[in-house]
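Per-entry structural report
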Amino acid sequence: NALWGEKAYPSLKAFAAWFADMLLRVEQVVAWTTELTLLPSTQLSYLFNSMSFLTSNMQVASRANNLPLDFMVNRTCFYNTRDVGEISGQPAQGVNVHGLFMEGAGWEEGKGEDEGYISESKMKDLHPYMPIANVFAIHIDKMDWTAMYHCPVFSTSLRGATFIFQANVRMDPDDN
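Residues numbered from 1 in each chain as written. Predicted model: local features only at pLDDT ≥ 70, side-chain atom pairs only at ≥ 80, totals over all residues. Heavy atoms only, no water.

Right, let's talk about the sheet that holds strand S1 (residues 42–43) for a bit. One open sheet holds the four strands; their spatial order is S1-S3-S6-S2, and the pairing between them is mixed. The open sheet is flanked by S1 and strand S2 (72–78), the only strands paired with a single partner. Sheet topology note: the S1/strand S3 (residues 95–98) ladder contains two bridges and is parallel. Each bridged residue has a counterpart across the sheet, and for Thr42 the counterpart in S3 is Val97. Across the sheet, helix H3 (residues 50–64) is in contact with S1, S2, S3 and strand S6 (133–139); its angle to S2 comes to roughly 110°. (Pairing = 2+ DSSP bridges. Helix = DSSP H or I, 4+ residues; strand = E, 2+ residues; numbered from the N terminus. Contact = heavy atoms within 4.5 Å. Axes fitted to C-alpha atoms, helices over the stretch in contact; angles between N-to-C directions.)

Next comes the structure, spelled out in structure tokens:
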């Protein structure tokens, strides 16, 4: 593991699983370069530098709205689907990302158009697969953290250098 691990992207997988994961990464890059446009949803952990991908998302929004980049933050909204095939095209703003997992908590689907939320972890479900998320940039003064958890997102379950960004995740249902 140490021989190939030094040359590879951060991963905690054994070689066979790592290689299968690498083939999926290549598949995403081939799809992206074949279309020459942003994919309907991008798996963040498959990118070499996921943080720069989301920074470019903020740059696009800041230029479009004539706002300074230093005052932009990423806002995350989760769809009620995990199937990339259900995403027909680009979102109205930002980018769609998938391949995220929760650790130490569960995920409750939203009802209808309501966004899902964090729940108690379910028995034997240590890392629930998260729905597809829309990540878009807004001005920091418009960011509302009410009933939201500041959730760190990493490209592996290993903390530290694999940090990508801080997502806002609902902590309670949207019952009005």
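This part takes up the packing of aromatic side chains. For the structure shown, the criterion picks out six aromatic pairs. Aromatic pair Phe15 and Trp18: ring centres 5.9 Å apart, planes at 25°, arrangement stacked. Of this pair, Phe15 and Trp18 both sit in helix H2 (residues 15–35), separated by three residues, roughly a single helical turn. Since its relative accessible area comes to 45%, Phe15 is described here as partly exposed. Of the residues examined, Trp18 reaches a relative accessible area of 9% and is grouped as buried. Linked through ring pairs, Phe15, Trp18 and Phe19 together constitute an aromatic cluster. (Phe/Tyr/Trp six-rings, centres within 6.5 Å; stacked < 30°, edge-to-face > 60°. Buried < 20%, exposed > 50% of the residue type's maximum accessible area, 1.4 Å probe, protein only.)

Within strand S8 (residues 163–170), six of the eight residues are buried, which leaves it mostly tucked inside the rest of the structure. Here strand S7 (residues 148–154) pairs with S8 via seven bridges, running antiparallel. Bridge pairing in S8 links Val153 to Phe165.

Leu44, Leu54, Val97, Phe165 and Val169 are the most contacted members of the largest nonpolar core, which totals 21 residues. Of all elements in the fold, only H3, S3, S6, S7 and S8 reach the threshold of two or more residues within this core. Of all the elements, S8 adds the most residues to this core, at four residues. The contact partners of Leu54, leaving out residues within four places of it in the chain, are Leu44, Asn74, Val95, Val135, Ile164 and Phe165. (Core = buried A, V, L, I, M, F, W, Y, C linked by side-chain atoms within 4.5 Å.)

For the rest of this paragraph, the subject is the layout of surface pockets. The method is simple in principle: a probe with the dimensions of a water molecule rolls over the atoms, and the space it marks as empty is what remains. Considering only enclosed or pocket space, the largest pocket measures out at about 910 Å³ in volume. For the largest pocket, the lining is made up of 36 residues, of which Phe101, Phe154, Ser155, Thr156 and Ser157 are closest to its centre. Elements with a minimum of two residues in the lining of the largest pocket: H2, S7 and S8. Broken down by element, the residue count for the lining of the largest pocket peaks at five residues, all from S7. (1 Å grid on protein atoms, 1.4 Å probe; cavity = no way out; pocket = protein on both sides within 12 Å on 5 of 7 lines; lining within 4 Å. Points joined across faces, edges and corners; volume = space filled by probe spheres on them.)

Along the chain, Asn74 turns up in strand S2. Under the relative-accessibility criterion, Asn74 is labelled buried at 9%. Among the polar contacts listed, one links the side chain of Asn74 to the side chain of Asn57, at a separation of 3.4 Å. Not counting the four nearest positions on each side in its chain, Asn74 is found in contact with Leu54, Asn57, Met58, Val135, Phe136, Ala137, Met143, Phe165 and Asn168. (Polar contact = N/O pair within 3.5 Å; in protein donor to acceptor, adjacent residues only side chain to side chain.)

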